[in-house]
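One letter stands for each residue in the lines below.
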Amino acid sequence: MPRVKITVPEHLEMQIAQMVEEGEFLNREEAVEELLSTGIKAYKTSGPRDDDDSNGFEDEGMMGHEDEYVF
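Throughout what follows, the structure given in this document is the object of discussion. Quick caveat: nothing in here was measured; it's all calculated off a predicted structure.

## Notes on the packing of helix 1 (residues 10-21) against helix 2 (residues 28-46)
So, point 1. Contact pair helix 1 / helix 2: the axes reach a minimum separation of 9 Å and the direction vectors enclose 110°. Accordingly, the angle class assigned to the pair helix 1 and helix 2 is roughly perpendicular. Seen along the crossing, helix 1 lies across helix 2 with a hand that is right-handed. Across from Glu 13, Ile 16, Met 19 and Val 20 in helix 1, the residues of helix 2 making contact are Arg 28, Ala 31, Val 32 and Leu 35.
So, point 2. For the contact of helix 1 with helix 2, the class distribution of residues is six nonpolar, no polar and two charged.

And the structure:
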């Protein structure tokens, strides 16, 4: 399986660590793989809207942190 290196904001790392601690995932690698896969599937299902000129990302998804987006 190909390896990918990413950098995520601290608050996302904390959320991933919490899910692993709570037993939702065996480890961080499994958590990131599953969450990324789920996000891609959701994106493919909804896809970019044809009625706007966005790049497919939710600009209005800010939730109080300048680097937190809702997917």
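## Some remarks on helix 2
So, point 1. With 19 residues, helix 2 extends 27 Å between its outermost C-alpha atoms, agreeing within 8% with the 27 Å of an ideal straight helix rising 1.5 Å per residue.
So, point 2. N-capping of helix 2 is provided by Asn 27, with a side-chain oxygen placed 3.2 Å from the backbone N of Glu 29.

## Remarks on a negative patch on the surface
So, point 1. A surface patch of like charges, here negative, comprises Glu 29, Glu 30, Glu 33 and Glu 34.
So, point 2. By the element assignment, Glu 34 lies in helix 2.

Rules behind the numbers
- Residues numbered from 1 in each chain as written.
- Predicted model: local features only at pLDDT ≥ 70, side-chain atom pairs only at ≥ 80, totals over all residues.
- Heavy atoms only, no water.
- Axes fitted to C-alpha atoms, helices over the stretch in contact; angles between N-to-C directions.
- Helix = DSSP H or I, 4+ residues; strand = E, 2+ residues; numbered from the N terminus.
- Parallel < 35°, antiparallel > 145°, perpendicular 65-115°, else oblique.
- Left-handed = near helix turned anticlockwise from the far one by under 90°.
- Contact = heavy atoms within 4.5 Å.
- Nonpolar A, V, L, I, M, F, W, Y, C, P; charged D, E, K, R; others polar.
- Expected span 1.5 Å × (residues − 1).
- Polar contact = N/O pair within 3.5 Å; in protein donor to acceptor, adjacent residues only side chain to side chain.
- Patch = residues over 30% accessible without salt bridge, like charges linked within 9 Å, V, L, I, M, F, W, Y side chains within 5 Å.
- Areas by Shrake-Rupley, 256 points an atom, 1.4 Å probe, with all protein chains shown as cover.
- Salt bridge = Lys/Arg side-chain N within 4 Å of Asp/Glu carboxyl O.
- Lys, Arg positive; Asp, Glu negative; His and termini not counted.
- Charge placed at Lys NZ, Arg CZ, Asp CG, Glu CD.

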